[in-house]
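Residue strings, one per chain:
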Amino acid sequence: MKKIKSRRGNLLNKFKNLSKRKKVITITISMLVLLLAVSIPTTIILSSSSNSKEIQTSSKKSLKSKSKTKKEKSSDEKEETNKDDVEEEKSKEANSKKEEANQSKNQSESNSDNSGESSGATTNKTTPQQTPQQNQPVQQQPSQPAPAPTPQPQTEWEKLGISEYTYYNTTLEGVQPDFRGSDLSVCEAEVNRLRGIARNRTDVTSTGGNSYTVTGKYTGQYLGCGLKLRINGVEYSYSQAKAFLGV
């Protein structure tokens, strides 16, 4: 009986130990499940973040490469345009040099032709037996006629065939004014002054006189005034009257 009891006690102990082990195993399994549940989303998040970073870096690299290609293209285009400009300048210089060379050749040929003509003329004079050299005729450009001078309009005195002085100083009355440019009243006052001097003389019995205007024959302009004085019935001009009266 004691053996049976001991066996039962051992079996119970073993069962208890097994139950304890089962509990430990279940706890460890649950812990593993929890760890897996936590670690899997974190790994997914990390992988997604790494993928996004890789995408961003790849896009940046592609943008950089595109900008580099654009810069390289623009630099290539600039180089090509510069090359084209340099080639155009070189071609222009070459053409100008060719034109200068052709002009110098033409000048040298014309000079040689002229020298050949002059030498042929001298040889013909000195040695008439020698045959004159046949030179190619030099094509000379026809000289353009000088432009005809524009006809200038004739002046009034040129139309009349007289001088300018005659045109402006010939009077209609045939005499020059005694007071040029003065008003007729000046001549009238001078007549009265001379008559007063004449009355004071014993040899003068009668006095008189008049003033008149003087106009241009061709211009018709007023030139001045003149006067005449009568002393003892004799008519005097202004200069003669002053000489007679001594004034």
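Anyway, here's the lowdown on the structure attached to this text. Just so you know, these numbers come straight off a predicted model, no measurement behind them. (Residues numbered from 1 in each chain as written. Predicted model: local features only at pLDDT ≥ 70, side-chain atom pairs only at ≥ 80, totals over all residues. Heavy atoms only, no water.)

### Notes on the overall build of the protein
This is how it is decided: Going along the chain from the N terminus, every DSSP run of H or I of four or more residues is numbered as a helix, and every run of E of two or more is numbered as a strand. A simple rule labels every residue: compare its accessible area, found with a 1.4 Å probe on the protein chains alone, to the largest value its type can have, and call it buried under 20%, exposed over 50%, or partly exposed in between. Contacts were defined at the residue level, with two residues in contact if any of their heavy atoms lie within 4.5 Å. Note that accessible areas follow from Shrake-Rupley with a 1.4 Å probe, and for residues the cover is restricted to the protein chains shown.
Counting its secondary structure elements, the protein contains five helices and four strands. Put simply, the protein runs from its N terminus to its C terminus through helices and strands in the order α-α-α-β-α-β-β-β-α. Put simply, the protein has 247 residues, and 11% of those count as buried. Counting only contacts in the protein whose residues sit at least 6 apart along the sequence, the fraction spanning at least 24 positions is 55%. As displayed, the protein has an accessible area near 20600 Å², and 55% of this comes from carbon and sulfur atoms.

### Quick look at the pattern of salt bridges
Basically, it comes down to this: The salt bridge criterion pairs a side-chain nitrogen of Lys or Arg with a carboxyl oxygen of Asp or Glu, the two atoms within 4 Å.
Under the defined criterion, the tally for this structure stands at three salt bridges. Between Glu156 and Lys159 there is a salt bridge, with its nearest N and O atoms 3.9 Å apart. Here Lys159 and Glu156 lie together in helix H2 (residues 156-160), a separation of three residues that amounts to about one turn.

### Description of the nonpolar core
Applicable threshold: To qualify as a nonpolar core, a set must consist of buried Ala, Val, Leu, Ile, Met, Phe, Trp, Tyr and Cys residues joined through side-chain atoms within 4.5 Å.
In terms of nonpolar packing, the biggest core is built from 13 residues, with Leu194, Leu227, Leu229, Ile231, Ala241 and Leu245 touching the most fellow members. The set of elements that each furnish at least two residues to this core consists of helix H4 (184-199), strand E3 (222-231) and helix H5 (238-245). Not counting residues within four places of it along the chain, the set of residues in contact with Leu227 comprises Asp178, Phe179, Cys187, Glu190, Val191, Leu194, Asn210, Ser211, Tyr212, Ser237 and Tyr238.

### Focus on a negative patch on the surface
The line we're drawing: Exposure above 30% relative accessible area and the lack of any salt bridge qualify a residue for a patch; like charges then connect within 9 Å, and the nonpolar side chains Val, Leu, Ile, Met, Phe, Trp and Tyr within 5 Å. Charge counting follows a simple rule: Lys and Arg are positive, Asp and Glu are negative, and His as well as the terminal groups are ignored. Think of each charge as sitting on NZ of Lys, CZ of Arg, CG of Asp or CD of Glu.
A cluster of acidic residues, Asp84, Asp85, Glu87, Glu88, Glu89 and Glu93, forms a negative patch on the protein surface. Relative to the helices and strands, Glu93 resides in helix H1 (residues 2-126).

### Here's the deal with the packing of aromatic side chains
Going by this rule: Each aromatic pair joins two rings of Phe, Tyr and Trp (for Trp, the six-membered one) with centres within 6.5 Å, and gets the label stacked for planes under 30 degrees apart, edge-to-face for over 60, and tilted for any other angle. Here, a charge over a ring means that NZ of Lys or CZ of Arg falls within 6 Å of the ring centre while also lying within 35 degrees of the ring normal.
Enumeration according to the criterion identifies six aromatic pairs in this entry. Seen in terms of ring centroids, Trp157 and Tyr168 are 5.9 Å apart; in terms of plane orientation they differ by 55°. Their pairing is tilted. Taken together, the residues span a long stretch of sequence, with Trp157 in helix H2 and Tyr168 in helix H3 (residues 164-169) at a distance of eleven residues. The exposure class of Trp157 is buried, given its relative accessible area of 18%. Their ring planes at 20° and their centres at 5.5 Å tell us that Tyr236 and Phe244 sit as a pair that is stacked. Of the residues examined, Tyr236 reaches a relative accessible area of 19% and is grouped as buried. Ring-pair connections join several aromatic residues into one group, and the members of that group are Trp157, Tyr167, Tyr168 and Tyr218. Directly above the aromatic system of Phe244 lies the positively charged group of Arg201, at a separation of 5.3 Å from the ring centroid. When the ring centre of Tyr212 is taken as origin, the NZ or CZ atom of Lys228, which lies over that ring, is 5.9 Å away.

### A word on the state of the cysteines
Test applied: When the sulfur atoms of two cysteines come within 2.5 Å, that pair is taken as a disulfide.
Scanning the model with the defined rule gives one disulfide in all. The disulfide partner of Cys187 is Cys225, and the gap between their sulfur atoms is 1.9 Å. Measuring handedness by torsion sign, the sulfur bridge of Cys187 and Cys225 sits at about 85° and is right-handed. Taken together, the residues Cys187 in helix H4 and Cys225 in strand E3 connect sequence positions 38 residues apart. For Cys187, a relative accessible area of 0% corresponds to the buried category. Cys225 sits in the buried class, given a relative accessible area of 0%.

### Quick notes on the packing of H4 against H5
Selection criterion: Only the contacting stretch of a helix is used when fitting its axis, a line to C-alpha atoms as for every element, and angles between N-to-C directions run 0 to 180 degrees. Any angle that is under 35 degrees is reported as roughly parallel, and any over 145 degrees as roughly antiparallel; angles of 65 to 115 degrees are reported as roughly perpendicular and all others as oblique. What makes a crossing left-handed is the near helix being turned counterclockwise from the far one by less than a right angle; a clockwise turn instead makes it right-handed. Gly is put with the polar residues, along with every residue not named as nonpolar or charged; the nonpolar set is Ala, Val, Leu, Ile, Met, Phe, Trp, Tyr, Cys and Pro, and the charged set is Asp, Glu, Lys and Arg.
The contact between H4 and H5 brings their axes to 11 Å, and the two run at 25°. The angle between H4 and H5 places the two elements in the roughly parallel class. Both H4 and H5 take part in a crossing whose hand is left-handed. Residues Glu190, Leu194, Ile197 and Ala198 of H4 touch H5, and the partners they reach there are Tyr238, Ala241 and Leu245. Residue classes in the contact of H4 with H5 are distributed as six nonpolar, no polar and one charged.

By themselves, these figures tell us nothing about what the structure is for.
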